[in-house]
There are 2 protein chains.
Amino acid sequence: MKPINVGLLGIGTVGGGTFTVLSRNQEEITRRAGRPIRITTVADRNVELARSIVGDRARITADAFELVRDPEIDIVIELIGGYGVAKELILAAIENGKHVVTANKALLALHGNEIFAAASRKGVMVAFEAAVGGGIPIIKALREGLTANRIEWLAGIINGTTNFILTEMRDKGLSFEAVLGEAQKLGYAEADPTFDVEGVDAAHKLTIMSAIAFGVPIQFEKTYIEGISRLAREDIAYAEELGYRIKLLGIARRTARGLEQRVHPTLIPERRLIANVDGVMNAVLVKGDAVGHTLYYGRGAGAEPTASAVVADLVDVTRMHTSDPEHRVPHLAFQADQLVELPVLDIGDVETSFYLRIDVLDRPGVLADVTRILADHSISIKAMIQKQPKEGSDRTSIILLSNLVLERNMQQAIALIEKLPTVAAAVTRIRVEGLDN
Amino acid sequence: MKPINVGLLGIGTVGGGTFTVLSRNQEEITRRAGRPIRITTVADRNVELARSIVGDRARITADAFELVRDPEIDIVIELIGGYGVAKELILAAIENGKHVVTANKALLALHGNEIFAAASRKGVMVAFEAAVGGGIPIIKALREGLTANRIEWLAGIINGTTNFILTEMRDKGLSFEAVLGEAQKLGYAEADPTFDVEGVDAAHKLTIMSAIAFGVPIQFEKTYIEGISRLAREDIAYAEELGYRIKLLGIARRTARGLEQRVHPTLIPERRLIANVDGVMNAVLVKGDAVGHTLYYGRGAGAEPTASAVVADLVDVTRMHTSDPEHRVPHLAFQADQLVELPVLDIGDVETSFYLRIDVLDRPGVLADVTRILADHSISIKAMIQKQPKEGSDRTSIILLSNLVLERNMQQAIALIEKLPTVAAAVTRIRVEGLDN
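Worth saying up front: this structure is predicted, and the values here are computed from it rather than measured.

Reading the values: rules and limits
Residues numbered from 1 in each chain as written. Chains lettered and ligands numbered in written order. Predicted model: local features only at pLDDT ≥ 70, side-chain atom pairs only at ≥ 80, totals over all residues. Heavy atoms only, no water. Pairing = 2+ DSSP bridges. Helix = DSSP H or I, 4+ residues; strand = E, 2+ residues; numbered from the N terminus. Contact = heavy atoms within 4.5 Å. Axes fitted to C-alpha atoms, helices over the stretch in contact; angles between N-to-C directions. Least-squares fit on C-alpha atoms with pLDDT ≥ 70 in both. Buried < 20%, exposed > 50% of the residue type's maximum accessible area, 1.4 Å probe, protein only. Expected span 1.5 Å × (residues − 1). Bend = angle between axes of the 7 residues up to and from the residue. Buried area = accessible area lost by both parts, 1.4 Å probe. Salt bridge = Lys/Arg side-chain N within 4 Å of Asp/Glu carboxyl O. Nonpolar A, V, L, I, M, F, W, Y, C, P; charged D, E, K, R; others polar. Domains from an automatic or database assignment. Polar contact = N/O pair within 3.5 Å; in protein donor to acceptor, adjacent residues only side chain to side chain. Phe/Tyr/Trp six-rings, centres within 6.5 Å; stacked < 30°, edge-to-face > 60°. Core = buried A, V, L, I, M, F, W, Y, C linked by side-chain atoms within 4.5 Å. Parallel < 35°, antiparallel > 145°, perpendicular 65-115°, else oblique. Left-handed = near helix turned anticlockwise from the far one by under 90°. Arc of directions from axis to C-beta.

Here we come to the sheet that holds strand E1 (residues 4-9) of chain B. Residues and elements named next belong to chain B. Read from one edge to the other, the open sheet built from six strands follows the order E3-E2-E1-E4-E5-E6, with strand pairing classed as parallel. Both outer strands of the open sheet, strand E3 (59-61) and strand E6 (126-127), are each paired with one neighbouring strand and no more. In this structure, strand E4 (residues 75-78) lies alongside strand E5 (residues 99-102), joined through four bridges in parallel fashion. Counterpart to Ile77 in the pairing with E5 is Val101. Its contacts with the sheet place helix H5 (residues 85-95) against E1, E4, E5 and E6, and it is angled at close to 150° to E5.

Structure below.
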């Protein structure tokens, strides 16, 4: 059969990986796809860099807009990133009747609804497996593998940088700052790590998964986001004493009152498989009403793992491009006219368990005061550790695990606890998820 | 759009689950598939049982062959099982131009090549996600999610009964026989558990995955099979002392000398995620050259988990049935004319590490004799435990972990060790897999 011609926008890490994987595995990929898939044109501002990777195996241009208008090109891969020119190029490619493959989670989280609507109007596909979980086929699992299910919730470790940092903090007993420096040296964290460590990247990915899981539009602005930069190593150690690990989780859940979409550090019982996903690895745990729990694990970033997802999308699009659009897999899993509006809950309306660390002066009655306030807010305690003060210090820590409580109630209780004269510092509170039902 | 009409062959556990899931989640499934998917006819010899499940929501017949000829039916689900009438019915359905969805791993492992060839000739699909790993979308991951990769190996816990038994043996320190009885009471093991405990069921599933991973025909008869019925609880305990868990793994690997296809108890380092997959849960670990390691975890059996996969196949077939056959996902991942013949290695030609337990008389020089024989066969030792004899006994055990060795060499060494006058019983040998490269 006739080869599929692909244009590649951006030949950085993932772009280079995509070119390499497609070349190296050309024979197997063709045996699977039924026809050759070849990158015929690469657009990159750095023409020399592009030439050094591509050699004479593809045409190189500095003009990305020329590429997306090229009538010879069937599929455009967008690996430029960001919200600006990447969006313009994707919309121009769609306008020119090209299918698009992208890894751009930030763009889809903010402008996905608009982009998918444009694609539907033109009858083309926008594929984005690489946008979530790197090489893990999690979009495919949610969109196609679990179609029988009413999905109840999903919880994912979907940012490798933060998972690496949390793993190192735990393994080596180091502070956040110390490990961040190490991660930057190893190339696991950016020079400006804000998007990763403050949970924004995870929130982008979570928002996309939530839309696919529940059949709702992408609603990034309603996602609650809390990163790991204020996490203290002692809380990781106390969590461990209680039988928990702390992970940055992206959680989307359907409740009777609305959807939860939230990213925050989370205590998870250490016996859960996902609690043992360490280093830069990612994993997503999904609860469906028929299938129960399934988990998907792999590398969430890196040149070739991400390229694996990009190329899988190329093969999918190659297979589906001759079919009538209404028989293709819908962009957001549900048919575009079948999305529903479900309210996303304010974090104050979310019910979870909590871990609290309360640093107090070692005086009689402190514990009674604290537990009285919790009881007044109908917060019951599941486990507690009280530490001996260190030699020569009159300060100590009370560590508590609560049962399920509305976040708003917990906030009120914490505000009162912090006003106690015997409470020496702001209360540390970290949400807890059992992930068992 | 016009509904898709489905005929269901066999309304046992999975058939009942499929009917239930499709009814309960009708609304979400239709929103995904773009049209209603409904079971219009059920064929079962037990018409009364069928009526008690289906009520008046579908026509019921005792004549399965009538169903597969019914011109109103688009897709036939085969959930009868076995090699006999199930095969006839599937071939008749194909002959009548129906698409087929089946969970019948035994049939596909033995007759899949013939069935897929018949389907290709008629331009229909035979979908079988439910045949491997129950509700885990592992066939989809291998066939579509990892198309960019040259798959190097996969290793799966793909039989829930044996994983439950191994987990209980370890947790409770019980013997195989004791736990088997418990598993039978709980419904996790059949009255005749041979297929499960002797590894045959796992081998069926492994053989199907191997074909998809490597683009070779299904070759069940070449799969090496060893079950768990002779596994002693002391070996589980010794493995634990060495930092390993014992799992029944199905392993398929591409080597320079040929393919490995083997099912056997295996020591896995306890820090590997898959070593922590317990109870009836299944998981498959896949190594691709681009993506690295990915893992897929979930329930490998049961009414609704298996129904989840059956219904996902229904949605897939519904989406693809209007497309031209050459643009569909090929049955075995690679285009039918692109399968290659790779030799499957005899188990004697497979290279692994080994765990050995050698029960010996507590005499001077025993260890020297054993290690001399191993050295003579170029087998080096990575770890060793020698136990003190029990009070009043003159017997003790030597436990060894070897480095990589050709199985044939190890067999020769073991034969010589067993001839030593100080060796008191047959040597126990269990293969070891690091799963790290």
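Each copy of the sequence occupies a distinct position, and chain B is placed on chain A by a rotation of 180° and an axial shift of 0.0 Å, giving an RMSD of 0.0 Å. The symmetry that links the two subunits is that of a two-fold axis. Comparing interface residues between copies, 100% of those in chain B also sit at the interface in chain A, which points to an isologous, same-surface contact.

Here the focus is the environment of B:Ile218. Residue and element names in this part refer to chain B. Position of Ile218 among the secondary structure elements: in the loop between helix H11 (200-214) and strand E8 (224-225). Look at Ile218 and you get buried, because its relative accessible area is 5%. The spacing of Ile218 and Leu332 is 114 residues in sequence and 8.8 Å in space, taken between C-alpha atoms. In this structure Ile218 touches Leu108, Ala109, Gly112, Asn113, Phe116, Thr207, Ala211 and Leu332, once residues within four positions along its chain are discounted.

Owing to its 3.6 residues per turn, the α-helix brings residues three or four apart onto one side. Residue and element names in this part refer to chain B. For helix H6 (residues 105-122), which comprises 18 residues, the first-to-last C-alpha distance of 22 Å sits more than 12% below the rise-based estimate of 26 Å (1.5 Å per residue). The largest bend along H6 reaches roughly 85° and is located at His111. Those residues of H6 that sit buried are Ala106, Leu107, Leu108, Ala109, Gly112, Ile115, Phe116, Ala118 and Ala119. The first or second residue beyond H6 is Gly123, which carries a positive phi of 70°.

Our next topic: the interface of chain B and chain A. In this complex, chain B contributes 66 residues to the contact, which on the side of chain A involves 66 residues. Between chain B and chain A lies a buried interface of about 5300 Å² when both sides are counted; carbon and sulfur atoms form 53% of it. On inspection of chain B and its partner chain A, the count reaches eight salt bridges. Put simply, A:Glu28 and B:Arg254 hold a salt bridge, and the shortest N to O gap is 3.1 Å. Residue assignment for the side of chain B that touches chain A shows that the elements contributing at least two residues are helix H1 (13-24), helix H2 (26-33), helix H7 (138-145), H11, strand E12 (292-299) and helix H13 (303-320) of chain B. If one sorts the elements of the side of chain B that touches chain A by residue count, H13(B) sits on top with nine residues. Of the residues belonging to the side of chain B that touches chain A, the class tally is 29 nonpolar, 19 polar and 18 charged. Pairing of strand E12 (residues 292-299) of chain A with E12(B) involves three bridges; the strand directions are antiparallel. When the sheet's bridge partners are listed, A:Tyr297 is paired in E12(B) with B:Leu295.

With that settled, consider the domain arrangement of chain A. Residue and element names in this part refer to chain A. Parsing chain A into structural domains produces domain 1 (4-135 + 303-338), domain 2 (139-297) and domain 3 (350-432). On the domain 2 side, the residues contacting the 22 residues of domain 1 number 20 residues. Three residues, Ala109, Val132 and Leu332, lead the burial of domain 1 against domain 2; their summed loss comes to 27% of the area buried on that side. Summed over the shared surface of domain 1 and domain 2, the result is one salt bridge. Notably, a salt bridge pairs Asp316 with Lys140, separated by 2.7 Å at the nearest N-O pair. Remark: the boundary between domain 1 and domain 2 carries six residue pairs in polar contact (both at pLDDT 80 or more). Grouping the constituent residues of the side of domain 1 that touches domain 2 by class yields 14 nonpolar, five polar and three charged.

The subject of this paragraph is the packing of aromatic side chains. The geometry of an aromatic ring pair comes down to the distance between the two centres and the angle between the two planes. Per the stated rule, a full pass over the model turns up five aromatic pairs over all chains. On the basis of an interplanar angle of 70° and a centroid distance of 4.7 Å, the ring pair of A:Phe164 and A:Tyr188 is categorised as edge-to-face. With A:Phe164 in helix H8 (residues 160-172) and A:Tyr188 in the loop between helix H9 (176-186) and helix H10 (194-197), this residue pair connects regions lying 24 residues apart in the sequence. Given the relative accessible area of 8%, A:Phe164 is considered buried. Seen in terms of ring centroids, B:Phe116 and B:Phe128 are 5.3 Å apart; in terms of plane orientation they differ by 40°. Their pairing is tilted. You can see B:Phe116 sitting in helix H6 and its partner B:Phe128 sitting in the loop between E6 and H7, a full 12 residues away along the chain. Judged by relative accessible area, which is 5%, B:Phe116 ranks as buried.

Counting 172 residues, the largest nonpolar core has A:Ile165 and B:Ile165 as the members making the most contacts within it. For A:Ile165, the contacting residues outside a window of four places in its chain are A:Phe176, A:Val179, A:Leu180, A:Ala183, A:Val197 and A:Ile228.

Another point: the sheet that holds strand E3 (residues 59-61) of chain A. All names here are of chain A. The six strands lie next to each other as E3-E2-E1-E4-E5-E6, forming an open sheet whose pairing is parallel. What marks the edges here is a single partner per strand, and that holds for E3 and strand E6 (126-127). Two strands pair when backbone bridges link them, and strand E1 (residues 4-9) and strand E2 (residues 37-43) are joined in this way by six bridges, in the parallel orientation. Within E2, the position partnered with Leu8 by the bridge is Val42. Docked against the sheet, helix H5 (residues 85-95) engages E1, strand E4 (75-78), strand E5 (99-102) and E6, running at close to 150° with respect to E5.

This part is about the side chain of B:Arg31. Relative to the helices and strands, B:Arg31 resides in helix H2. For B:Arg31, a relative accessible area of 6% translates into the label buried. At a separation of 3.1 Å, a polar atom in the side chain of B:Arg31 contacts the main-chain carbonyl oxygen of A:Gly215. When near neighbours in sequence (up to four residues on either side) are disregarded, B:Arg31 contacts A:Phe214, A:Gly215, A:Phe334, A:Gln335, A:Gln338, A:Leu339 and A:Val340.

Residues and elements named next belong to chain A. Direction vectors running N to C along H8 and H9 enclose 125°, while the axes themselves pass 9 Å from each other. Here H9 runs oblique to H8, going by the angle between their axes. Crossing angle aside, the handedness with which H8 passes H9 is right-handed. Across the interface between the two elements, Phe164, Ile165, Glu168, Met169 and Lys172 from H8 touch Phe176, Val179, Leu180, Glu182, Ala183 and Leu186 from H9. For the contact of H8 with H9, a count of residues per class yields eight nonpolar, no polar and three charged.

Let us now look at helix H15 (residues 407-419) of chain B. All names here are of chain B. Relative to the 18 Å expected for 13 residues at 1.5 Å per residue, H15 spans 19 Å between its end C-alpha atoms, a close match to the ideal helical length. Among the residues of H15, Glu407, Met410, Ala413, Ile414 and Ile417 are the ones counted as buried. The arc that holds every buried residue of H15, seen down its axis, measures 120°, which confines them to one face. Buried residues along H15 sit against strand E13 (351-361), helix H14 (366-376), strand E15 (395-402), strand E16 (405-406) and strand E17 (428-432).

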